[in-house]
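Architecture and fold: a report
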Amino acid sequence: DIGPIFGDEPALAQRIAEYAGQPVAAVAADTYDQALVAAKKVAIEYEELPPVLSIEEAWEKEKFIYKPPKIIYGDAEGAIAKASHVIDGDVFCGGQDHFYLETHIALAVPGEDRDMTVYSSTQHPTEVQHGVSHVLGVAQNDITIEVRRMGGGFGGKESQPTIIAAIAALLADRTRKPVKLRLRRDDDMIATGKRHDFLFKYRIGFDDDGRIEGAVIDMAARCGNVADLSGGVVARALCHGDNAYYIPNALFRGWPCKTNTVSNTAFRGFGGPQGMIAIETVIEHIAHELGKSVDDIRAANWYGTEDRNVTPYQQPVTDNIMPELADRLAKEIDLPGRRKAIDAFNACHISLKKGIAMMPVKFGISFNAPMLNQAGALVHVYTDGSVHLNHGGTEMGQGLFVKVAQVVSSVFQVDIDNVKISATRTDKVPNTAPTAASAGSDLNGMAAFNAAEEIKGRMAGVVAEHFHVSPDNIEFRQNRVYAGNESLSFAEAAQLTWNQRVSLSATGYYRTPDIHWDGESMTGSPFYYFTYGACVAEVAIDTLTGESRVLAADILQDVGSSLNPAIDIGQIEGAFVQGMGWLTSEELVWDDKGRLMTHGPSTYKIPGSRDVPEHFKVHILNDAPNCVPTIFRSKAVGEPPLMLSIAVWLALRDAVARTGGYKYLPRLNAPATPEAILTALEDIKIREET
Ligand code: MTE
Ligand code: HPA
Ligand code: MOS
């Protein structure tokens with residue numbers, strides 16, 4: 001049993017395979033090809049049981065994976081009953097495969113006694129350590145997990161690697177030989193979890209200005225066969241069903257549907273993008289109902305600063321910069337002018353139609369399980385002045401290792417090349433949280449800062465004594481340690497510290513302050529702060545084929561005081577394009593027996609370089625230090641910009657709505673594939689004719 005939160009997840013299916021493609025056996029062989037051939041020869045006799053495959057069916061039959069949660073704030077039903085306008089509707093958004101370039105992999109190497117070292121592609125070494133120790137029936141101190149880096153994780157390697165590592169370790173333990181388990185792309189896609197698809201139903205009451213008075217939103221998620229991280233994902237969806245808007249009376253219900261499909265898991269945004277799709281559909285629907293612009297509806301509903309500033313889960317929003325940020329972007333790119341230009345274009349084009357939309361994003365930073373918001377680091381200074389850095393975070397391409405090394409180099413004021421970034425290992429920094437929730441640099445950066453500061457203080461004491469000055473007069477600058485006009489190189493200072501028998505090694509620890517969460521009542525202040533951003537996307541659709549293209553995207557993203565603008569811009573660009581893929585071309589299809597039909601790049605279309613908008617301008621909000629004391633006042637950046645891509649989906653809906661002169665609300669779910677767009681266009685034509 002390797003379930004991360006609820007113990008309900010067998011590494012290999014025992015009596016019942018709960019979804020088509022669930023691993024039931026593992027074969028060890030001398031070569032990869034032999035193993036593949038041998039695995040094909042395994043004959044399994046299945047007795048087919050009737051599966052529950054869709055969210056609708058599971059919801060109707062009340063097949064839930066855990067007790068359905070809800071957020072209750074004020075009296076939503078009462079407010080809707082009294083409201084002058086009421087709308088209802090539904091919307092669906094699909095799941096998403098992570099499609100990291102490196103598929104899941106683990107190399108298990110047996111050591112003395114029952115020791116085992118596992119090199120695992122995991123965002124969560126500690127959880128892999130727990131899973132492997134559990135499966136082998138040994139203590140945690142018998143197991144060491146090492147991660148040099150991953151070829152992408154995106155949430156797909158937060159909990160899923162345990163099964164791969166556990167199977168490799170089991171075979172290595174039995175054979176006393178090293179065993180590597182590497183999944184082929186198809187197996188990776190079939191047997192590991194994806195983003196949760198969601199079905200939303202909403203009923204909203206609002207006033208003549210479009211100000212929401214009451215909102216009931218049901219959020220039903222496909223969790224798959226086991227719980228995995230679905231509790232956290234659904235909770236985060238519920239906690240982002242407000243996005244940037246104040247909802248005075250809210251009832252948000254989560255429906256964690258148990259289906260006979262692979263267990264879904266973390267994916268960049270962790271339910272947040274899905275929750276935002278729901279509320280943004282609502283905003284658009286209100287605008288449609290009142291015949292007003294979505295900008296006006298947004299403006300009427302923004303969180304306030306003094307009042308109207310409490311979320312449905314009762315966290316006060318104290319750092320709100322959303323209205324200014326959105327206004328600024330709209331002005332800078334002349335949103336009204338761009339809308340007019342699109343009117344003009346559409347008026348003189350018959351088959352091509354353009355659309356445009358803005359997407360504001362407010363994303364809560366911290367794991368929504370408070371205990372995960374802690375981190376450790378280990379720093380050594382050697383007597384030649386070189387620095388060894390280790391921390392509990394993992395590198396998956398997001399630039400965490402460089403950011404944390406920058407922190408240490410900046411504490412010691414030594415060149416970053418002087419800081420060795422070592423692989424993540426559970427025997428160096430134990431009991432870690434996953435590198436997830438975008439909190440990697442917040443948590444590990446601060447832990448490394450604390451470790452480095454500790455050593456720096458000791459070194460300062462030694463150097464102060466050496467020069468007969470007070471430690472307050474010691475300054476670390478440009479690879480040297482200064483006492484007034486006198487100085488030592490950093491290396492000399494390190495050597496001197498050792499000579500004086502003062503330790504040059506320290507651990508650092510950090511826990512996020514001021515957060516709390518009651519999972520039963522779904523209330524508290526789970527987020528240390530919010531990261532804000534806005535995007536305007538312009539698209540064109542071909543009304544004859546349903547094909548679409550993103551023509552332009554302009555982004556303004558708050559990252560606090562950026563730790564590394566180059567990395568942050570890369571994160572914003574990557575997140576946006578990844579989100580674009582989710583909402584436009586990446587479609588997961590199962591057949592009626594629950595077999596995943598889209599398990600490779602030939603049938604599952606991720607964005608390519610030519611899908612990146614030709615006009616793609618990413619700007620970081622300047623002079624916007626975090627108002628809470630994070631590491632150098634930076635903000636988390638990994639996930640928030642993914643949600644900016646919802647602008648693309650909204651722009652596609654805008655383009656479709658324009659074909660009917662805005663008379664009809666488009667029926668277009670996500671992903672807005674060519675088929676879906678064509679169907680939505682057809683639907684508007686039919687409504688026009690009847
Ligand atoms: N960027 C790259 N290149 N590869 C990844 O796998 N994962 C994303 C994001 N950016 C990812 C990425 C996800 S899901 C998260 S939670 C964060 O990075 C995790 O890293 P951080 O906390 O250090 O930002
Ligand atoms: N994000 C990512 N992973 C998590 C979270 C979260 O908020 N909570 C628990 N695991
Ligand atoms: Mo990211 S989904 O929190 O790994």
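In what follows, the structure referred to is the one given above.
The structure reproduced in this document is the subject of the present report. (Residues numbered from 1 in each chain as written. Chains lettered and ligands numbered in written order. Predicted model: local features only at pLDDT ≥ 70, side-chain atom pairs only at ≥ 80, totals over all residues. Heavy atoms only, no water.)

Some points on the overall build of the chain
Cut-off, in case you're wondering: The helix and strand labels rest on DSSP assignments: H or I over at least four residues marks a helix, E over at least two residues marks a strand, and numbering proceeds from the N terminus. The globule rule is 2.2 Å times the number of residues to the power 0.38, and the radius of gyration it is compared with is taken over C-alpha atoms. Remark: exposure states derive from per-residue accessible area (1.4 Å probe, protein chains only) relative to the maximum for the residue type, with buried under 20%, exposed over 50%, and partly exposed in between.
Assigned secondary structure in the chain consists of 17 helices and 23 strands. Relative to the globule expectation of 26 Å for 690 residues, the C-alpha radius of gyration of the chain, 27 Å, shows essentially globular dimensions. For the chain, the spread of C-alpha atoms along the three principal axes comes to 90 × 70 × 45 Å. Residue burial in the chain is summarised as follows: out of 690 residues, 59% are buried.

A look at the sheet that holds strand β12 (residues 387-391)
Selection criterion: Two strands are counted as paired when DSSP detects at least two bridges linking them. In this description, a line fitted to the C-alpha atoms serves as the axis of each element, helices being fitted only across the stretch in contact, and the angle between N-to-C directions of two axes falls anywhere from 0 to 180 degrees. Any two residues having at least one pair of non-hydrogen atoms within 4.5 Å are treated as being in contact.
Spatial ordering of the open sheet is given by β13-β12-β11-β18, a layout of 4 strands whose pairing is mixed. Looking along the sheet, the strands with just one partner apiece sit at the ends: β13 (419-421) and β18 (505-511). Averaged over all adjacent pairs, the angle separating strand axes in this sheet is 25 degrees, with direction ignored. Across 3 bridges, β12 lies against β13 in parallel orientation. Note on β13: the bridge partner recorded for Leu-389 is Ile-421. Strand contacts of helix α13 (residues 440-467): β11 (374-381), β12 and β18, with the helix running at about 140 degrees to β18, the strand carrying the most contacts.

Topic: the site of ligand 2
Convention followed: Any residue with a heavy atom positioned within 4 Å of a molecule or strand is treated as near that molecule or strand. Distance and chemistry together define a polar contact, namely a pair of N or O atoms within 3.5 Å, with one atom able to donate a hydrogen and the other to accept it when in protein, and with adjacent residues in sequence counting only for side-chain atoms on both sides. Areas reported as accessible are Shrake-Rupley estimates using a 1.4 Å probe. Residue values count occlusion only from the protein chains shown. Note on residue categories: nonpolar means Ala, Val, Leu, Ile, Met, Phe, Trp, Tyr, Cys or Pro, charged means Asp, Glu, Lys or Arg, and polar means any other residue, Gly included.
All residues in the neighbourhood of ligand 2 are listed as Glu-158, Arg-236, Phe-270, Phe-367, Asn-368, Leu-372, Ala-436 and Ala-437. Between an oxygen atom of ligand 2 and a side-chain N or O atom of Arg-236, the distance comes to 3.0 Å. For ligand 2, a nitrogen atom lies 3.0 Å from a polar atom in the side chain of Asn-368. For ligand 2, the accessible surface in isolation is 260 Å², of which the surrounding protein chains cover 96%. Along the lines of polarity and charge, the residues of the shell around ligand 2 split into 5 nonpolar, 1 polar and 2 charged.

A look at the pattern of salt bridges
The following threshold applies: In the sections that follow, a salt bridge refers to a side-chain nitrogen of Lys or Arg positioned within 4 Å of a carboxyl oxygen of Asp or Glu.
Scanning the model with the defined rule gives 35 salt bridges in all. For the salt bridge of Asp-173 with Arg-174, the shortest nitrogen-to-oxygen distance reads 2.8 Å. By relative accessible area, which is 6% here, Asp-173 ends up buried. Classification of Arg-174 by relative accessible area gives exposed; the value is 59%. Residue Glu-538 pairs with Arg-338 through a salt bridge whose shortest N-O separation is 2.9 Å. With Glu-538 in strand β21 (residues 529-542) and Arg-338 in helix α11 (residues 335-347), this pair connects stretches of sequence that are 200 residues apart. The pair formed by Glu-538 and Arg-338 is uniform in burial state, with each residue classed as buried. Residues participating in the shared-partner salt-bridge network are Arg-114, Asp-173, Arg-174 and Arg-176.

Some points on the side chain of Asn-368
Here Asn-368 lies in the loop between β10 (352-365) and β11. Assessed through its relative accessible area of 11%, Asn-368 is described here as buried. One polar contact links the side chain of Asn-368 to the main-chain carbonyl oxygen of Gly-232, over a distance of 3.1 Å. If sequence neighbours within four positions are ignored, Asn-368 has contacts with Gly-232, Ala-235, Arg-236, Phe-270 and Trp-517.

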